[in-house]
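Fold and contact review
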Amino acid sequence: MNLIKKAQFAKNSLRNLIDSHFFSNTGGMLTYKGIRYFHCESNIMYIIEQELEKLPNGEGTLFEACFEFGQQLQQQYGGKDFRRFIGDYFPALGWGDIFVSTKNRIEVVSIYYPWTPFSSDSKYTIFRGVLSGFISSCLGKRIELKKYETSLTDMLTVKLYEL
């Protein structure tokens, strides 16, 4: 399911973005404008979502925390071209091959989204929250990618969109 496949939409890899100094990789620390990242396997997203959903308003709190991070990320970025940033940044970090459409409504489609046995129960709260916050900050109005659809074939595709 998670085999390496040729991207259709993403133009950059993590290596490209490190080489172009978009990301910094110094002393084994990966950073983007002061935000530090760490490598982890894909189950962690699903486990965090699953465990926080057990708490009162856990899902809503997680969404809002991720929304705030998305806003902070956009402020670090400083630009307004969310389609380009999302298409460069998220695929390089392993979130799949991403396409953003603004034709009739804002939609974010991730082909090759990281699949695990936990995927079928996920509401993609972390991904939806970060992207919602980032796009909202770019547009200057609250956008919530509350709806999602998934397709599971030989890969996992996740489509997020506004209500």
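What comes next concerns the included structure.

What about the sheet that holds strand β1 (residues 24-26)?
Ordered by their spatial adjacency, 3 strands build an open sheet running β1-β2-β3, and the pairing between neighbours is antiparallel. A strand with exactly one partner marks an edge of an open sheet, and here the two such strands are β1 and β3 (35-37). The average undirected angle you get between the axes of adjacent strands in this sheet is 35°. As defined by bridge partners, β1 adjoins strand β2 (residues 29-32) across 3 bridges and the pair is classed as antiparallel. Looking at β2, one finds that Thr26 is bridged to Met29. Against the sheet, helix α3 (residues 58-77) touches β2 and β3, its axis set at about 115° to β3.

What to know about the packing of helix α4 (residues 82-92) against helix α5 (residues 125-139)
Where α4 contacts α5, the axes come no closer than 10 Å and their chain directions differ by 145°. For the crossing formed where α4 meets α5, the hand is right-handed. Residue-level contacts link Phe82, Phe85, Ile86 and Phe90 of α4 to Phe127, Val130, Leu131, Phe134, Ile135, Cys138 and Leu139 of α5. Classifying every residue of the contact of α4 with α5 gives 11 nonpolar, no polar and no charged.

Thresholds applied
- For every chain, the first residue of the written sequence is number 1, and numbering continues from 1 onward in sequence order.
- Thresholds applied to this predicted model are a pLDDT of at least 70 for local features of residues and 80 or more for the giving and counting of side-chain atom pairs; totals over whole chains, interfaces and linings are not thresholded and use all residues.
- With hydrogens and water stripped out, all remaining heavy atoms of the structure feed into the side-chain values.
- Here, a strand pair is defined by DSSP locating no fewer than two bridges between the strands.
- The secondary structure listing takes helices from DSSP runs of H or I that are at least 4 residues long and strands from runs of E that are at least 2 residues long, numbered from the N terminus.
- All axes are obtained by fitting lines to C-alpha atoms, using only the stretch in contact for helices, and the reported angles, taken between N-to-C directions, cover 0 to 180 degrees.
- Whether two residues touch is decided by their heavy atoms; if any such pair falls within 4.5 Å, the residues are in contact.
- Handedness of a crossing is defined here by the sense of rotation of the near helix relative to the far one, left-handed for an anticlockwise turn of less than a right angle and right-handed for a clockwise turn.
- When residue character is reported, Ala, Val, Leu, Ile, Met, Phe, Trp, Tyr, Cys and Pro are called nonpolar, Asp, Glu, Lys and Arg charged, and the others, Gly included, polar.

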